[in-house]
Amino acid sequence: MGGLGLLALVVVTVAVVHQWAVGGGGVMGNFVFEVENKFKAGGERERTLSALKQHDARRHGRMMASIDLELGGNGHPSATGLYFTKVGLGTPTDEYYVQVDTGSDLLWVNCAGCSRCPTKSDLGIKLTLFDPSKSSTSGEIACSDNFCRTTYNNRYPSCSPGVRCEYVVTYGDGSSTSGYFVRDIIQLNQASGNLKTAPLNSSVIFGCGNRQSGDLGSSTDAAVDGILGFGQANSSLLSQLAAAGNVRKEFAHCLDVVKGGGIFAIGDVVSPKVKTTPMVPNMPHYNVILEEVEVGGNPLDLPTSLLGTGDERGTIIDSGTTLAYLPPMLYDLVLSQILDRQPGLKMHTVEEQFSCFQFSKNVDDAFPTVTFKFKGSLSLTVYPHEYLFQIREDVWCIGWQNGGLQNHDGRQMILLGDLVLSNKLVVYDVQNQTIGWTDFNCSSSIKLRDEKSGAEYSIGGHNLLSSAFNLTVGRIFMFLPVLFALLQSFSAF
């Protein structure tokens, strides 16, 4: 089936996937997605600090619930991420806005006849229900299909001829989604050269949602048409494309908090080179093993039970989470070491959860770096200007959050979100089960290799309307602006 393209995805052994190239040429998996951030700056979507934490709290309830699902998260949509993109589905093609999320697997969209699916969105986008009956290339997936049998580990209940393959997922926050699987055409953009693309159609299996509940069905806040997961399960879009032999299992993102752009590239990153750490195997999310934490170059005295590995252990790397969440012991040690550098600070609590203070000097000169050291000698250094954020010119708040996640047996876990991932190129080499990163200017360019031709393409950071080969990230620094009421908390300064 030809060579591998520039998409890096998980191999799946089921679900027959056909590819149709548009405009001739060989079939390659070098695709472009234009991505926008759901927390926009300016008057359209001003957000309070508590709104950010509420987003993360809803997401974490869903993430941890998916870990405890019978199928280990395979085939089930997880929480909505922070980024959304447009994909084309069906014949003729209609456009649908879907969340982009490294913490979930399934591609699903709301379908015609859906009960309690959102009909409008505060994002300012038009929501569209997918109607399989109006697509000439659509077909339902039967419960006897290999895709369904593998997704359910051959335990689909009451399967008989003519019964379609359905899914039901209930999340930890009480919301749920249900529907059935269909096979149809998805339209993507294929890299055809340096900063050039051409359309490509591919047949994939995705979820057709016919009922939503909880926040998924009642909220217009950040409502979209569905979710596009970049997880490792066999049911993911990435895995299906890999099953066709067209893609390499590797992708990368770089989130630019300065200019609001970024890169989400799918393919073999050849430049810049990044050091890597192994993934914890057989996990539904991207977990890595944390071995040490330093503040200002000084190692913290932490128990091995907090840093060790085992079933459902490790530190979760998740671009769909806004902040960074540390178990209470680690949180207390990190904050005490940070604040000891400036003993005269007067701390204020904002919105009952954020620790803030007045400070007029350069924070990078006054506060220490925080460094996470992972297995394989890979370090992640977070600078003061990254873990502190301003709510006005001389007032700063601390981005570290008290409250690590717990798995089903009560063990503490650490989750590192955009707070520490921003302005870094993060590479997920799923094929070799490693994750790596490096500090990077996300408005510059990276190089990816086309494994069929050996050509290397430069991929740059762009805004939402750019048409380069990448997953363009409309990334806005989501801590700002803060509502006027928040600023009033510091009127006494």
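Let me begin by describing the structure that accompanies this report. Quick caveat: nothing in here was measured; it's all calculated off a predicted structure. (Residues numbered from 1 in each chain as written. Predicted model: local features only at pLDDT ≥ 70, side-chain atom pairs only at ≥ 80, totals over all residues. Heavy atoms only, no water.)

**Quick word on the pairing of strand S21 (residues 354-358)**
Here is step 1 of the chain: Where strand S20 (residues 348-350) meets S21, three bridges bridge the pair, whose relative direction is antiparallel. If you follow Val350 over to S21, its bridge partner there is Phe354.
Here is step 2 of the chain: The antiparallel pairing of S20 with S21 creates a hairpin that spans three residues between the two strands, and Glu351 there sits at a positive phi of about 55 degrees.
Here is step 3 of the chain: By the bridge criterion, three bridges tie S21 to strand S25 (residues 395-398) in an arrangement that is antiparallel. Each bridged residue has a counterpart across the sheet, and for Gln358 the counterpart in S25 is Val395. (Pairing = 2+ DSSP bridges. Helix = DSSP H or I, 4+ residues; strand = E, 2+ residues; numbered from the N terminus.)

**Observations concerning the sheet that holds strand S29 (residues 424-429)**
Here is step 1 of the chain: Sheet architecture is open: five strands sit in the order S12-S11-S29-S30-S14, paired in antiparallel fashion. Strand pairing shows two members of the sheet lacking a second neighbour, strand S12 (262-266) and strand S14 (275-278), which therefore form its edges. Put simply, the sheet's adjacent strands are angled 15 degrees from each other on average, direction ignored.
Here is step 2 of the chain: With five bridges connecting them, strand S11 (residues 250-255) and S29 associate as antiparallel partners. By the bridge assignment, His253 is partnered in S29 with Val426. (Axes fitted to C-alpha atoms, helices over the stretch in contact; angles between N-to-C directions.)

**Thoughts on the packing of aromatic side chains**
Here is step 1 of the chain: The full count for this structure, using the stated rule, is 16 aromatic pairs.
Here is step 2 of the chain: When the centroid spacing of 5.5 Å and the interplanar angle of 70 degrees are considered together, the rings of Phe130 and Phe206 count as edge-to-face. On the criterion of sequence distance, the pair formed by Phe130 in the loop between strand S5 (107-115) and strand S6 (139-140) and Phe206 in strand S9 (residues 196-213) is long-range, its members being 76 residues apart.
Here is step 3 of the chain: Residue classification places Phe130 among the buried residues on the basis of a relative accessible area of 1%.
Here is step 4 of the chain: Taken together, the aromatic side chains of Phe230, Phe251, Tyr286 and Tyr428 make up a single cluster linked through ring pairs.
Here is step 5 of the chain: Across the ring face of Tyr180, the terminal group of Arg164 is positioned such that the distance to the ring centre comes to 3.9 Å. (Phe/Tyr/Trp six-rings, centres within 6.5 Å; stacked < 30°, edge-to-face > 60°. Buried < 20%, exposed > 50% of the residue type's maximum accessible area, 1.4 Å probe, protein only. Lys NZ or Arg CZ within 6 Å of the ring centre and 35° of its normal.)

Structural measurements only, silent on function.
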